[in-house]
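Structural overview
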Amino acid sequence: MDTEAVRSFVRAAELGQLRHAADELGVTQQAVSKRIAALERTLGVRLFTRTARGVEPTLDGQAFLPHARSVVAHADRAVAAIRRGSRALRIDVLGLRSAQAVVLHDYWRSRPEVALDVVTLRVDDPRLAVAAVRAGDVDASFRSVTDPAALPPELRMIHAFHSPLELLAGPRHPLAGARTVTPAQLRGHRIWVPGIAPGSEWAEFYDELTAAFGLRVDAAGPNFGNEVLLDILADSDDVATLVGSRDRYVWPTGHDLRRIPIAGPTLAYPLSLIVPRENPHPGLRAVVDHFASLPPLPEDTWLPTWATAPHRDTDGRGAGHDAR
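Every chain's residues receive numbers from 1 upward, in the order its sequence appears when written. Thresholds applied to this predicted model are a pLDDT of at least 70 for local features of residues and 80 or more for the giving and counting of side-chain atom pairs; totals over whole chains, interfaces and linings are not thresholded and use all residues. The side-chain quantities take in all heavy atoms of the structure and omit both hydrogens and water.

1. Section: the overall build of the chain
Spelled out, the test is: Each helix is a run of DSSP H or I of at least 4 residues and each strand a run of E of at least 2, with the numbering of both proceeding from the N terminus. Buried means the residue's accessible area, taken with a 1.4 Å probe over protein chains only, is under 20% of the maximum for its type, while exposed means over 50%, and partly exposed covers the values in between. A contact between two residues is defined here by any heavy atoms of the two lying within 4.5 Å. Accessible surface is estimated by sampling points in the Shrake-Rupley manner with a 1.4 Å probe; for residues, cover comes only from the protein chains shown. Asp and Glu count as negative and Lys and Arg as positive, but His and the ends of the chain are not part of the count. Lysine's charge is taken at NZ, arginine's at CZ, aspartate's at CG and glutamate's at CD.
From N to C terminus, the chain includes 11 helices and 12 strands. Counting only C-alpha atoms, the chain reaches 95 × 45 × 35 Å along its principal axes. When the 324 residues of the chain are sorted by exposure, 44% land in the buried category. Counted over contacts in the chain with a minimum sequence separation of 6, partners at least 24 positions apart contribute 75%. Accessible area for the chain stands at about 16,500 Å²; split by element, carbon and sulfur atoms hold 52% of it. Both charge centroids of the chain, one from 37 positive and one from 39 negative side chains, sit 7 Å from each other.

The following block contains the structure:
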């Protein structure tokens, strides 16, 4: 059934004249007449009778009218649901306790009227996240493609923000009493980071980190989730892990875990957004502006090689250009 024909019928029935309906719909009176005639042929009934003042619905037209209004309303809602300017901005994050989700939550708290949909695609391969943005399943994804040449031409990667790392250790760990630690002090200690997926961006990050500072990052063993990891850290005198300073972790009071900043240099994980090159969601501009308002990192900060120009997109233009 032609929804525009149904819309023409509804407006003609409500206004009582085909000419008025045509004026409101922005078409000719002849177009409205043809639409309604085609609808009558489809339904096999007459919908209008002509009067001296215009048109009036027949008994069949009166019976059809409330259902026709519903058809038009549903069609309008369906279009609004996919129109970039009216639907929620849909952003993929690695986890709902990650720094990405925490910063997005802070943004939403400052603008609760904003329609924001935060999702987790639960994929390790950044190419799958790229495919989701390319297909329109999400408007943006918090992923980094470390080789910009691997991005499809219709997508780009823009800088979001950096996530400083902290050491997370239990009360019996040798570094538990430190206010800050340096990367040099971490050498020789077992840093357990389960769940480093081969081929992921964070696998490349940890490869570069261990090579740069001679650290012992251990990804051995199954990943049973954060709760199990925190339990192990609480009872261990030799195992610690690395977390983002904005990552949200909650543990029982008895665990007495310590989050210790790393300095001299600060170690930071670069966070980027994969977005469409053309016509990004209009809500993305304000989100990127919020990221830009976050406190800057110390000048003495280590970043992996792919983030050596963190405020440039893959075309060498600023991140502010990308989100418009």
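2. Side note on the side chain of His281
Threshold: Contacts described as polar in this section are N or O atom pairs within 3.5 Å, which, within protein, must combine one atom able to donate a hydrogen with one able to accept it, while residues neighboring in sequence count only if both atoms come from side chains.
Structurally, His281 can be placed in the loop between strand E11 (266-276) and helix H10 (284-292). A distance of 2.9 Å separates a polar side-chain atom of His281 from the backbone nitrogen of Gly283.

3. Quick notes on the pairing of E11
Applied cut-off: Two strands qualify as a pair provided DSSP detects at least 2 bridges between them.
Counting buried residues in E11 gives 11 out of 11 residues, a clear majority hidden from the surface. As defined by bridge partners, strand E6 (residues 155-169) adjoins E11 across 9 bridges and the pair is classed as antiparallel. Among the inter-strand pairings, Ser163 is bridged to a residue of E11, identified as Tyr269. Judged from the 2 bridges that link them, E11 and strand E12 (residues 301-302) form a sheet pairing that is parallel. If you follow Leu267 over to E12, its bridge partner there is Trp302.

4. Considering the pattern of salt bridges
Defined as follows: Any Lys or Arg side-chain nitrogen found within 4 Å of a carboxyl oxygen on Asp or Glu counts as a salt bridge.
Here the structure, examined in full by the defined rule, presents 12 salt bridges. We note a salt bridge from Arg90 to Asp117, for which the minimum N-O separation is 2.6 Å. Taken together, the residues Arg90 in strand E3 (residues 89-92) and Asp117 in strand E4 (residues 116-119) connect sequence positions 27 residues apart. In this structure, a network of salt bridges that share partners links the residues Arg11, Glu14, Glu24 and Arg69.

Functional significance is not addressed by these values, which are geometric in nature.
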